[in-house]
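# Secondary and tertiary structure notes
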Amino acid sequence: MNDMNNEGRAFGWDDEFTNEQQEFVLLPEGDYPFEVTGMERARFEGSANLPPCSMAKLTLRIYGGAKGDTTVTDRLFLHTKTQGLLGAFFESIGQCKRGETFRPRWNEVVGAKGICKLGIHDYVKKDGTNGQSNEVSRFLPPPEPKAAPSQGWTQGAF
């Protein structure tokens, strides 16, 4: 059963389902390609550091190559205090360049690809034991295109 987003769906009492168990993959810190597989528009109720504002909850598929893939949830807060983080995300997926004024094309976010720096988040589970999960440390700009070697004439070459 393939669902359109990674959040899944609730089963009904009479639904059929498959006995699938996903392996949890914790990737080491580093730079990884990602794809946005889901986005939910939500509301952030505020904290000591950030007032209430809209937010985008992103589901990212992180491609770890031979190490495996993992899924990470990240939140983008739509506030002037987080403008640099918003810009870094949209630069990473190719919607803008650094220093540009732009209007996000939210309808193009799901399916967009980029590169992020992944970190490890330590936390305490509900049962009191320690756990770790991956988190996005920052979004990275796309790599610069490599210039093709020039094949014209070179001054002084005979």
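Described below are features of the structure shown in this document. (Residues numbered from 1 in each chain as written. Predicted model: local features only at pLDDT ≥ 70, side-chain atom pairs only at ≥ 80, totals over all residues. Heavy atoms only, no water.)

## Remarks on the nonpolar core
To keep it simple, the criterion reads: In this text, buried Ala, Val, Leu, Ile, Met, Phe, Trp, Tyr and Cys residues form a nonpolar core when linked through side-chain atoms within 4.5 Å. Each residue is assigned to one of three classes by its accessible area relative to the maximum for its type, calculated with a 1.4 Å probe on protein chains only: buried under 20%, partly exposed between the two thresholds, exposed over 50%. Each helix is a run of H or I in the DSSP string that is no shorter than four residues. Each strand is a run of E no shorter than two, and both are numbered from the N terminus. Any two residues having at least one pair of non-hydrogen atoms within 4.5 Å are treated as being in contact.
Phe34, Ile62 and Phe89 are the most contacted members of the largest nonpolar core, which has 23 residues in total. Of all the elements in the fold, those that place two or more residues in this core are strand S1 (30–44), strand S2 (53–63), strand S3 (69–77), helix H1 (83–92), strand S4 (113–124) and strand S5 (130–140). The dominant element in this core, judged by the number of residues it contributes, is S2, at four residues. Ile62 has contacts with Leu27, Tyr32, Pro33, Phe34, Gly68, Asp69, Thr70, Val72, Cys116 and Leu118, leaving out every residue within four places of it along the chain.

## As for the layout of surface pockets
Inclusion rule: Definitions used for this entry: grid spacing 1 Å over protein atoms alone; cavity, a set of points where a 1.4 Å probe fits but cannot get out; pocket, an open set with protein on both sides within 12 Å along at least 5 of 7 lines; lining residue, one with an atom within 4 Å of a point. Grid points are joined across faces, edges and corners, and a volume is the space filled by probe spheres set on the points. Residue classes follow a fixed rule: Ala, Val, Leu, Ile, Met, Phe, Trp, Tyr, Cys and Pro count as nonpolar, while Asp, Glu, Lys and Arg count as charged, and any other residue, Gly among them, counts as polar.
Each pocket or cavity is described by its volume, and for the second largest pocket that value is around 390 Å³. What lines the second largest pocket is a set of 19 residues, among which Gln83, Leu86, Gly87, Glu100 and Phe102 lie closest to the centre. Residues of the lining of the second largest pocket, tallied by class, amount to eight nonpolar, seven polar and four charged.

## Focus: the sheet that holds S5
For clarity, the threshold we go by: If DSSP finds at least two bridges between two strands, the strands pair. Here an axis means a line fitted to C-alpha atoms, over the contact stretch when the element is a helix, while the angle between two N-to-C directions is reported on a 0 to 180 degree scale.
What the five strands build is an open sheet, ordered S3-S2-S1-S4-S5; its pairing is antiparallel. Of all strands in the sheet, those with a lone pairing partner are S3 and S5, marking the two edges. For this sheet the average axis-to-axis angle between neighbouring strands, irrespective of direction, equals 40°. The sheet contact formed by S2 and S3 spans nine bridges and is antiparallel. Paired with Ala56 across the strands is Leu76, a residue of S3. Of the strands in this sheet, S1, S2, S3, S4 and S5 touch H1, which is tilted by about 75° from S5.

## Side note on the pattern of salt bridges
What counts here: Put simply, a salt bridge is a Lys or Arg side-chain nitrogen that is within 4 Å of an Asp or Glu carboxyl oxygen.
This model, assessed by the stated rule, comprises three salt bridges. Between Glu91 and Arg98 there is a salt bridge; the shortest N-O distance is 3.2 Å. Salt-bridge contacts for Arg105 lead to Glu108; the nearest nitrogen and oxygen are separated by 2.8 Å. Accessibility expressed as a relative area gives 35% for Arg105, which makes it partly exposed.

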